[in-house]
Amino acid sequence: MPTPGAGLAPGTRVVVTGAARGIGRALATRLAAGGCRVVVADRDGEPLAEVGQRLDALAVPGDVSTLEGVTALVETAREHLGAIDAWFGNAGIDRGRGLGASEAEWAESHELNVMAHVRAARLLVPDWLERGGGRFVVTASAAGLLTMLEAPAYSVSKHAAVAFAEWLSVTYRHRGIVVQALCPQGVRTDMLARSGELQQLLSRDEALSPETVAETVWAALGDDRFLILPHPEVAAYYTARAGDTDAWLGGMNRLQRKIEESRA
């Protein structure tokens, strides 16, 4: 069982979702290099199998956006590892643009970006309370602290992911459960590559490699900080947003207008 403030010791039993590529693959790789016993999960079975083989980790293909998928993953991981000490809920999606985002895109975003965390916590926390601790790491986004232009379903669901992580921390930290929220800006992943005209904005403070993000997470496991910010600039933006919300909204609106002008 991980000790708060001590990072993850060799032999720590962890699950990483969304691990077939990008941040999830980099996290799984770094955790395995640190001596953790790793179970990796993703909807995309073929690249996931390659990750599992490379890391000597159990690969569990499945869809954690559903209750059945999360339940199956937790049960399979427990059977393989004996217990789960730390959960890295990294799976997430960006769907829909503007008010034209469909009902299905909103629903899909909510199920994976929010409810996957809720369902995992329901299954994990009771066991951790009995055992005296555990670690729950949510991959959210800087969009969950600020916003993401053009992407309402992503922004709203990532805000909700951060809010749920905050609630978990407030409720259970005195009982040994460490909760952390990873909130990067641009990371060189498939999601960034598909972001179109938003790619330049998301890369404004440098688009980091997934491996750099994973190293930041590894460092943060040693001090249990709630917000893990691979882009340190996000802390200043978050402070500015809280300190003068109208000024911050005005600045974001100016960026929105630049996007619209570029299309004209």
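Provided above is the structure to which this section pertains.
Described below are features of the structure shown in this document. (Residues numbered from 1 in each chain as written. Predicted model: local features only at pLDDT ≥ 70, side-chain atom pairs only at ≥ 80, totals over all residues. Heavy atoms only, no water.)

Comments concerning the pairing of strand 6 (residues 177–182)
Cut-off, in case you're wondering: Exposure is judged per residue with a 1.4 Å probe applied to protein chains only, and the accessible area is read against the type maximum: over 50% gives exposed, under 20% gives buried, and values in between give partly exposed. Each helix is a run of H or I in the DSSP string that is no shorter than four residues. Each strand is a run of E no shorter than two, and both are numbered from the N terminus. Pairing between strands requires that DSSP locate at least two bridges from one strand to the other. With strands facing away from the observer, any crossover in which the path from the first strand over the helix to the second runs clockwise is taken as right-handed.
A large share of strand 6 lies buried, amounting to six of its six residues. Judged by which residues are buried, strand 6 turns out to be covered on both faces: Ile177, Val179 and Ala181 on one side and Val178, Gln180 and Leu182 on the other are all buried. Alignment of strand 5 (residues 134–139) against strand 6, held across six bridges, turns out to be parallel. Across the sheet, residue Val138 finds its bridge partner in strand 6, namely Ala181. Of the crossover connections in this fold, the one passing from strand 5 over helix 5 (residues 152–172) to the parallel strand 6 is right-handed. As paired elements, strand 6 and strand 7 (residues 227–228) share two bridges and run parallel to each other. Residue pairing for strand 7: Leu182 is matched across the bridge by Ile228.

Observations concerning the side chain of Lys158
Put simply, the test is: Charge counting treats Lys and Arg as positive and Asp and Glu as negative, with His and both chain ends excluded. For this document, the term salt bridge refers to a Lys or Arg side-chain nitrogen within 4 Å of an Asp or Glu carboxyl oxygen. Here, two residues are considered to be in contact whenever any of their heavy atoms come within 4.5 Å of each other.
Of note, Lys158 is situated in helix 5. Although buried, Lys158 forms no salt bridge, and the nearest oppositely charged side chain, Asp94, lies 9.5 Å from it. Excluding its chain neighbours within four sequence positions, the residues that come into contact with Lys158 are Gly92, Asn113, Thr139, Ala140, Ser141, Ala143 and Gly144.

Spatial relationships are all this shows, so hold off on functional conclusions.
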